[in-house]
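Fold and contact review
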Amino acid sequence: MIEQIISAFVLGLIGGLVPGPVQTAAITEVLQSGIRKSMRVILWAMLTETIVALLSLMLLSSLGFSETIFRFVSFVGAGILLWIAKDIWKVRTLNTGERVHFSLGKISAMILANGVLWTFWITVCVPKAIVLGQEIPFGQFVFLLAVEIGWLMSNIIVVWIFSAFRSILSHPRFIPFLFKFFALVFVYFAVSMTYDSVMFFLNH
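Residues numbered from 1 in each chain as written. Predicted model: local features only at pLDDT ≥ 70, side-chain atom pairs only at ≥ 80, totals over all residues. Heavy atoms only, no water.

1. Some thoughts on the packing of helix α2 (residues 21–33) against helix α9 (residues 175–202)
If you want to describe how two helices pack, look at the angle between their axes and the distance between the axes. Where α2 meets α9, the closest approach of the two axes is 10 Å, and the angle between their N-to-C directions is 165 degrees. Judged by the inter-axis angle, α2 sits roughly antiparallel to α9. Helix-helix and strand crossings are classified by hand; for α2 and α9 the assignment is left-handed. Packed against α2, whose contacting residues are P21, T24, A25, I27, T28, L31 and Q32, the element α9 presents L178, F179, F182, V185, F186 and F189 at the interface. Broken down by class, the residue content of the contact of α2 with α9 amounts to 10 nonpolar, three polar and no charged. (Axes fitted to C-alpha atoms, helices over the stretch in contact; angles between N-to-C directions. Helix = DSSP H or I, 4+ residues; strand = E, 2+ residues; numbered from the N terminus. Parallel < 35°, antiparallel > 145°, perpendicular 65-115°, else oblique. Left-handed = near helix turned anticlockwise from the far one by under 90°. Contact = heavy atoms within 4.5 Å. Nonpolar A, V, L, I, M, F, W, Y, C, P; charged D, E, K, R; others polar.)

Structure representation (structure tokens):
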């Protein structure tokens, strides 16, 4: 039992360290407004991802939805990432008028439309959570909580590192290059999500 909980924590810890749209958005907020605003992105993303985890648990336990449905969702997610990338690409300074606003709705949409995230929960985390739930009361929820705690800790560490070097990364000559890089990261994830889904349908 303890081993499964530790594995859930490590799974979340590693998952949070893998570069993704949420991490990129959080780092962008560090450079624009500081670590406090980036924590807003991380905590809201965590709340939304927890909803994804719980829905995945219920869907897999009761309806048995196939991965195909969530691969379709990835196409919508790719469009959302491109929409955000367009805003980030325009940033040239950290003046208020040029800041990218990550609204709660935009963050939620970015999470909910990430078909890969749904697939990750359904194919990796939820089955393990169900097994733990069969061993101890409410074990499935303990497993999901451990994953989310690991994810939160790793994202906080990454954001703290960028916050510590904010003065260097916020140099006026560096900002246009840095934000264009962030925009291209979002485009990469959009293309990657689309490619993975297309390959999934070609192979099935």
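2. Considerations on a nonpolar patch on the surface
Together, L47, I51, L54, L55, M58, F138 and F141 make up a nonpolar patch on the protein surface, roughly 670 Å² of accessible area in all. When residues in the nonpolar patch are grouped by element, the largest group, five residues, is from helix α3 (residues 35–62). Relative to the helices and strands, M58 is located in helix α3. (Patch = residues over 30% accessible without salt bridge, like charges linked within 9 Å, V, L, I, M, F, W, Y side chains within 5 Å. Areas by Shrake-Rupley, 256 points an atom, 1.4 Å probe, with all protein chains shown as cover. Salt bridge = Lys/Arg side-chain N within 4 Å of Asp/Glu carboxyl O.)

3. Points about the nonpolar core
Core analysis: the biggest nonpolar cluster contains 53 residues, and I88, M110, W121, F143 and F186 have the highest contact counts within it. Among the secondary structure elements, those contributing two or more residues to this core are α2, α3, α4 (67–89), α5 (104–112), α6 (115–135), α7 (139–164) and α9. Top element by residues in this core is α9. It accounts for 10 residues. When neighbours within four sequence positions are excluded, F143 is seen to be in contact with Q4, S7, A8, C125, K128, A129 and L132. (Core = buried A, V, L, I, M, F, W, Y, C linked by side-chain atoms within 4.5 Å. Buried < 20%, exposed > 50% of the residue type's maximum accessible area, 1.4 Å probe, protein only.)

4. Remarks on the side chain of E49
Within the element layout of this structure, E49 appears in helix α3. Each residue touching E49, except ones within four places of it in the same chain, is listed here: I111, L117, W121, E148 and W151.

5. Notes on the packing of aromatic side chains
For any pair of aromatic rings, the description consists of the separation of the ring centres together with the inter-plane angle of the planes. Scanning the model with the defined rule gives two aromatic pairs in all. Centroid distance F75 to F201: 6.2 Å. Interplanar angle 15 degrees. Geometry classified as stacked. Pair noted here: F75 is in helix α4 and F201 is in helix α9, with a separation of 126 residues, a long-range link. A relative accessible area of 33% means that F75 is categorised as partly exposed. Considering the side-chain rings of F200 and F201, the 5.4 Å spacing of their centres and the 75 degrees angle between planes classify their relative orientation as edge-to-face. A residue is classified by how much of its surface remains accessible, and F201, at 27% relative accessible area, is partly exposed. Ring pairs connect the aromatic residues F75, F200 and F201, which therefore count as one cluster. Note that K106 overlies the ring of W83, its terminal NZ or CZ placed 4.7 Å from the centroid. We note K180 situated over the ring of W89; from NZ or CZ to the ring centre the distance is 5.1 Å. (Phe/Tyr/Trp six-rings, centres within 6.5 Å; stacked < 30°, edge-to-face > 60°. Lys NZ or Arg CZ within 6 Å of the ring centre and 35° of its normal.)

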